[in-house]
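# Understanding the architecture of this molecule
Take a look at the letters that make up each chain.
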Amino acid sequence: MKRKYERWAALAARRSQLALWSTFVKWVILGGMVGLLAGSASALFLASLNAVTQVRLEHAWLLFLLPAGGALVSGMYMRYGKSSSKGNNLILEQIRQGNEAIPLRMAPLVLGGTLITHLFGGSAGREGTAVQMGGSLADALGRWLRIGPLDRRILLMCGISGGFGSIFGTPLAGTVFGLEVIAIGLISHKALLPCFAASFTGDLVASRLWGVHHIHYQVDVFPGMDALVLVKVIFASILFGLCSLLFSELTHYLKRTFTAIIRNPMLKSAAGGLIIIALVYIAGSRDYLGLGLPLISSSFEDGVSPFAFLWKLIFTAFTLGAGFQGGEVTPLFAIGASLGSTLAGVLHLYGPFLASLGFIAVFCGATNTPLACFIMGIELFGSGGAVYMFIACVISYLFSGHSGIYSSQLIGISKSALLPVPEGTTLAAAKEQPAPK
């Protein structure tokens, strides 16, 4: 009887190892395929984005075509977009529900729409474009391979990770972002290996195969652990979280307001373009157009004007609120870095140090992804300030509340026991919940 049991146990162990090896090989291959597609798409996008940005900088008059460009983008989505107009929220919804295909046309639509936005001077980012391209390509791959519903959801998460990791050159942050962004407070480890394979491959393909160069910012000195510095960082982190909250709420408010006042999407975007032009003259600067990379560089070098973060926030909120295409993340980097640079003068801290904390913390509060943003900080700035980065991300995450740039993001676990939310509530639905008594 004992020998029979031992033979059975050995056979079960072999079967278990075969099952694990099968799963490993399957998701390394599938995740790698998604990474190859997402990384190639990101490389094409980044090269094109650099080209149109250079054209805009050389021809200042292109700004006056921004209303026409916005109308063109909205017209494209009206005619061909259908569910693609939901953007990142469509991908988040399908990971949870899986009842609707993500159209392959989402990739060229968001690519073309974002390039038009940047060509004429809209203030937008690139993460949304990369994630949407990654998600639509991943779903197309899943349909071609005829995978099941559960594997499809994992493949969509791979699309998010592959797009994020390849667009920013941060494969570890891209991995965790794909896991963490689905639901606040919940992470599914079943997609850990697939998302890493997609993000790592995507970054490798974009940087090594296609020669994409990512910008990394230098922070020469991180302060040692000190009680006074800690208090200052906590105070700054609260402001980073509130800044995230302001950006998210203003952007959503402007989207609702524009839609309520101007029902025609083409006219709505044209009106938004006129407002951006007016803002340029009110601010007296074009520094707040486009991605905001020069603003980020200044935050780590010479410093910025005290209200640069607020101008960038307003420009971006109006651009996205009026229906222009593009992501929010790179402008959030610019908002956070410039706010950190401004606070450094007030708090008497090293400017690049606080700019690096603002860079990741404002992004963290707006996306509710503290682990991904902490890891991104280490990938971009090194581990010297790891403890302060973690503190900044956690506090910003808490003080941004149940708000964020992705209205379809699920609230898996409430950020406070005093703010209970029903199971299955999204950020959009949370706004409709009555305030606790």
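Structural data are supplied above this passage.
Our subject in this report is the structure included herewith. (Residues numbered from 1 in each chain as written. Predicted model: local features only at pLDDT ≥ 70, side-chain atom pairs only at ≥ 80, totals over all residues. Heavy atoms only, no water.)

## Some thoughts on the overall build of the chain
Quick note on the threshold: Helix and strand assignments follow DSSP, with helices taken as H or I runs no shorter than four residues and strands as E runs no shorter than two, numbered in order from the N terminus. Computation of the radius of gyration draws on C-alpha atoms alone. For the globule rule, the value is 2.2 Å times the number of residues to the power 0.38. Residue exposure (1.4 Å probe, protein chains only): buried if accessible area is under 20% of the type maximum, exposed if over 50%, otherwise partly exposed. By the convention used here, residues are in contact when the closest approach between their heavy atoms is within 4.5 Å. Only the protein chains shown count as cover for residues, and all accessible areas are computed by the Shrake-Rupley method using a 1.4 Å probe. In this tally, Lys and Arg are treated as positive and Asp and Glu as negative; His is ignored, and so are the chain termini. Every charge is mapped onto a representative atom, which is NZ of Lys, CZ of Arg, CG of Asp or CD of Glu.
In terms of regular secondary structure, the chain is built from 17 helices and two strands. Relative to the 2.2 N^0.38 estimate, which gives 22 Å for 437 residues, the radius of gyration of the chain is 22 Å and therefore close to what a compact globule would have. Overall size of the chain, expressed as C-alpha extent along the three principal axes, is 85 × 60 × 55 Å. The buried share among the 437 residues of the chain stands at 56%. Pairs at least 24 apart in sequence give 77% of the contacts found in the chain among residues at least 6 apart. By element, 67% of the accessible surface of the chain is carried by carbon and sulfur atoms, the whole surface being about 18,800 Å². The positive charge centre, built from 30 side chains, and the negative charge centre, built from 19, are 13 Å apart in the chain.

## Thoughts on unusual backbone geometry
Look at R146: it is not a glycine, yet its phi comes out positive at around 60°. Along the chain, the position of R146 falls in the loop between α5 (127-145) and α6 (149-168). With phi around 60°, N368 is a residue other than glycine that occupies positive phi space. Tracing the backbone through its elements, the reader meets N368 in the loop between α14 (351-367) and α15 (370-381).

## Focus on a nonpolar patch on the surface
Quick reminder of the rule: Patches were defined on residues exceeding 30% relative accessible area and lacking a salt bridge, with like-charge contacts within 9 Å and nonpolar side-chain contacts (Val, Leu, Ile, Met, Phe, Trp, Tyr) within 5 Å. One side-chain nitrogen of Lys or Arg within 4 Å of one carboxyl oxygen of Asp or Glu is enough to make a salt bridge.
On the surface, W21, F24, V25, V28, I29 and L193 cluster together into a nonpolar patch covering about 540 Å² of accessible area. For the nonpolar patch, the leading source of residues is helix α1 (residues 2-58), giving five residues. With respect to the helices and strands, F24 occurs in helix α1. The partly exposed category is assigned to F24, whose relative accessible area is 40%.

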